[in-house]
Amino acid sequence: MSMVNIKVRRQSFKISCAVGEEAAMRHAAVTVEKKIEAAREQSGIADGERTAIMAALMLAYENDKNATPTLRLKAPPSVMATRN
């Protein structure tokens, strides 16, 4: 395993990854940073935790949309999430 230091939203993280995957991990951090900023701009939410959750949902949606049909996440139709 290899250790990579990354920074997202002014917070530093030390992440382990497979040897040779360091650049991919750094790229993932940049992608997360961009999604957090996009979520903040689109929602107008300044709260860091809520913005991070929105960014995570955006990334999960994009990942699911691009996955093969057998790998897509399935949620029962009765599942609805709301938060005020």
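Quick caveat: nothing in here was measured; it's all calculated off a predicted structure.

Quick notes on the rules
- What you see as residue numbers is a count from 1 along each chain, following the sequence as written.
- In keeping with the model being predicted, local features are shown solely for residues with a pLDDT of at least 70 and side-chain atom pairs are shown and tallied solely at 80 or more, while totals for entire chains, interfaces and linings include all residues.
- As a convention, hydrogens and water are excluded, and side-chain values are obtained from all of the structure's heavy atoms.
- The residues that make up patches have over 30% relative accessible area and no salt bridge, and they are joined within 9 Å when like-charged or within 5 Å when they are Val, Leu, Ile, Met, Phe, Trp or Tyr.
- Every accessible area reported is derived by Shrake-Rupley at a probe size of 1.4 Å, with residue values counting cover from the shown protein chains alone.
- Salt bridge, as applied in this entry: a Lys or Arg side-chain nitrogen positioned within 4 Å of an Asp or Glu carboxyl oxygen.
- Only DSSP runs of H or I with at least four residues qualify as helices, and only runs of E with at least two residues qualify as strands; both kinds are numbered from the N terminus onward.
- Throughout this description, the term nonpolar core refers to a set of buried Ala, Val, Leu, Ile, Met, Phe, Trp, Tyr and Cys residues connected via side-chain atoms within 4.5 Å.
- Note on exposure labels: buried denotes an accessible area under 20% of the residue type's maximum, exposed denotes more than 50%, and partly exposed covers the range between, all computed with a 1.4 Å probe on protein chains only.
- Contacts are residue-level and defined by heavy atoms, with any inter-residue pair within 4.5 Å sufficient.
- In short, DSSP must find at least two bridges between two strands for them to pair.
- Residues scored as positive are Lys and Arg, those scored as negative are Asp and Glu, and His as well as the terminal groups of each chain are ignored.
- Pairing of N or O atoms within 3.5 Å defines a polar contact, subject to two protein rules: one partner must be a possible hydrogen donor and the other a possible acceptor, and residues neighboring in sequence count only if both atoms are side-chain atoms.
- Expected helix span is taken as 1.5 Å per residue step, with the number of steps being one fewer than the number of residues.
- The arc in question is traced by the directions running from the helix axis to the C-beta atoms.

Caption draft 1: Inspection of a nonpolar patch on the surface at higher detail. Taken together, the side chains of I53, M54 and L57 present a nonpolar region at the surface, about 260 Å² in accessible area. Counting through the fold element by element, I53 comes out in helix 2 (residues 48-66).

Caption draft 2: Quick peek at the nonpolar core. Ranked by size, the top nonpolar core spans 9 residues in total: V4, I6, V8, C17, A29, I36, A39, A55 and M58. At the level of elements, strand 1 (2-8), helix 1 (22-43) and helix 2 are the ones that each hand at least two residues to this core. When residues no more than four places from it in sequence are discounted, the contact partners of I6 are Q11, S12, F13, I15, M25, R26 and A29.

Caption draft 3: Molecular detail of the pairing of strand 2 (residues 11-17). Where strand 1 lies against strand 2, 7 bridges are found, and the strand directions are antiparallel. Bridge pairing in strand 2 places K7 opposite S12. If you look at the hairpin formed by strand 1 and strand 2, you'll find 2 residues sitting between the two strands, and R9 has a positive phi there, around 50°.

Caption draft 4: Molecular detail of the pattern of salt bridges. Summed over all chains, the structure comprises 4 salt bridges. With its nearest N and O atoms 2.5 Å apart, the salt bridge here joins K35 to E62. Here K35, found in helix 1, pairs with E62, found in helix 2; they are 27 residues apart in sequence, far enough to count as distant. By relative accessible area, which is 17% here, K35 ends up buried. Given the relative accessible area of 28%, E62 is considered partly exposed. Residues joined by salt bridges that share partners form a network here, namely R9, E33, E37 and R40.

Caption draft 5: Seen up close, the side chain of E22. Structurally, E22 is set in helix 1. Despite being buried, E22 has no salt bridge partner; R26 is the closest side chain of opposite charge, sitting 5.9 Å away. One polar contact links the side chain of E22 to the main-chain amide nitrogen of G20, over a distance of 3.0 Å.

Caption draft 6: Structural detail: helix 2. Spanning 19 residues, helix 2 covers 27 Å between terminal C-alpha atoms, matching the ideal 27 Å at 1.5 Å per step. Burial in helix 2 covers these residues: T51, A55 and M58. Buried residues along helix 2 cover an arc of 60° about the axis, so they all sit on one side. Every exposed residue of helix 2 that faces more than 90 degrees away from the buried side is listed here: E49, L57, Y61 and N63.

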